[in-house]
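These are the residues of each chain, in order.
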Amino acid sequence: MEYFGNKEILNNYKIGFLCSRKVPANIILRTYDWAIEQRDKGSCIISGFHSKIEKDVFEILIKGKQPIILILARGMFKKIKPEIANLVDQNRLLIISPFDKKIVRPTNRTALKRNKLIAYLSDKLFIPYNVQDGLIDKLKKEYANKIIS
């Protein structure tokens, strides 16, 4: 695994956040409210922040002061965006990639491995919505003891 950022963040109590790509509107609004609540509480959130809703949650979280862990479904970034570098400089962000640098695009296989790592590293998991029989649904059953609503 490759790490970039503050590895001490792994010592925090971590809430994993996973969500299917296609989400009903009522779930989106509830998820944004949840993200604002977690930001205000200072909760450490761990996610891939890959789908549209996950990216939106990331944007909400970075406005806070809490630590964040980003798990990639690809190799480590070659270039770090300035806003990401800022978070790393503030010791608020840890980026983890369980993949070789040669893997430059996420696939279903790498997304599943990333999601399993998120579930494994998390103390609790928040999954506001998942497609029945999708990748997240199978993971949700495997880690049922960690699910919060």
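Student: Describe the pairing of strand β2 (residues 14-17), naming the residues involved and giving the relevant values.
Tutor: Put simply, side chains in a regular strand alternate between the two faces of the sheet. Burial along β2 is two-sided: K14 and G16 and I15 and F17, pointing in opposite directions, are all buried. Read as a crossover between parallel neighbours, the route from β2 over helix α1 (residues 25-41) to strand β3 (residues 44-47) is right-handed. In the sheet, β2 pairs with strand β6 (residues 124-126) via three bridges, with the strands oriented parallel. In the strand pairing of β6, F17 is matched with F126.

Student: Let's hear about the sheet that holds strand β5 (residues 93-97): which residues, and what values?
Tutor: Strand order across the open sheet formed by seven strands is β1-β5-β4-β3-β2-β6-β7, with mixed pairing between neighbours. Both edges of this open sheet fall to β1 (2-5) and β7 (147-148), since each of them pairs with a single strand only. Running over the sheet, helix α3 (residues 82-89) touches β1 and β5 and is turned about 115° from β5.

Student: Pulling in residues and values, what's your account of the side chain of N130?
Tutor: Counting through the fold element by element, N130 comes out in the loop between β6 and α5 (135-142). Engagement of the side chain of N130 in a polar contact is seen with the side chain of D137, the distance being 2.9 Å. A polar side-chain atom of N130 sits 3.1 Å from a polar atom in the side chain of K140.

Student: So what about the pattern of salt bridges? Which residues, and what values?
Tutor: Scanning all chains against the criterion turns up five salt bridges. For K141, the salt bridge identified is with D137, shortest N-O distance 3.3 Å. You can see K141 and its partner D137 sitting in helix α5, four residues apart, about one turn around the helix. The class of K141 is exposed, set by a relative accessible area of 56%.

Student: If you had to explain the nonpolar core to someone new, which residues and values would you point to?
Tutor: W34, F49 and L93 are the most contacted members of the largest nonpolar core, which totals 24 residues. Take this core: its biggest share by element is five residues, from helix α2 (residues 52-61). In contact with W34, not counting residues within four places along its chain, are I15, F17, I45, V57 and F126. Counting residues in each nonpolar core, the second largest holds 16 residues, with I9, I69, L117 and I127 among its members.

Cut-offs used in this document
- Residues numbered from 1 in each chain as written.
- Predicted model: local features only at pLDDT ≥ 70, side-chain atom pairs only at ≥ 80, totals over all residues.
- Heavy atoms only, no water.
- Buried < 20%, exposed > 50% of the residue type's maximum accessible area, 1.4 Å probe, protein only.
- Helix = DSSP H or I, 4+ residues; strand = E, 2+ residues; numbered from the N terminus.
- Right-handed = clockwise from strand over helix to strand, strands pointing away.
- Pairing = 2+ DSSP bridges.
- Contact = heavy atoms within 4.5 Å.
- Axes fitted to C-alpha atoms, helices over the stretch in contact; angles between N-to-C directions.
- Polar contact = N/O pair within 3.5 Å; in protein donor to acceptor, adjacent residues only side chain to side chain.
- Salt bridge = Lys/Arg side-chain N within 4 Å of Asp/Glu carboxyl O.
- Core = buried A, V, L, I, M, F, W, Y, C linked by side-chain atoms within 4.5 Å.

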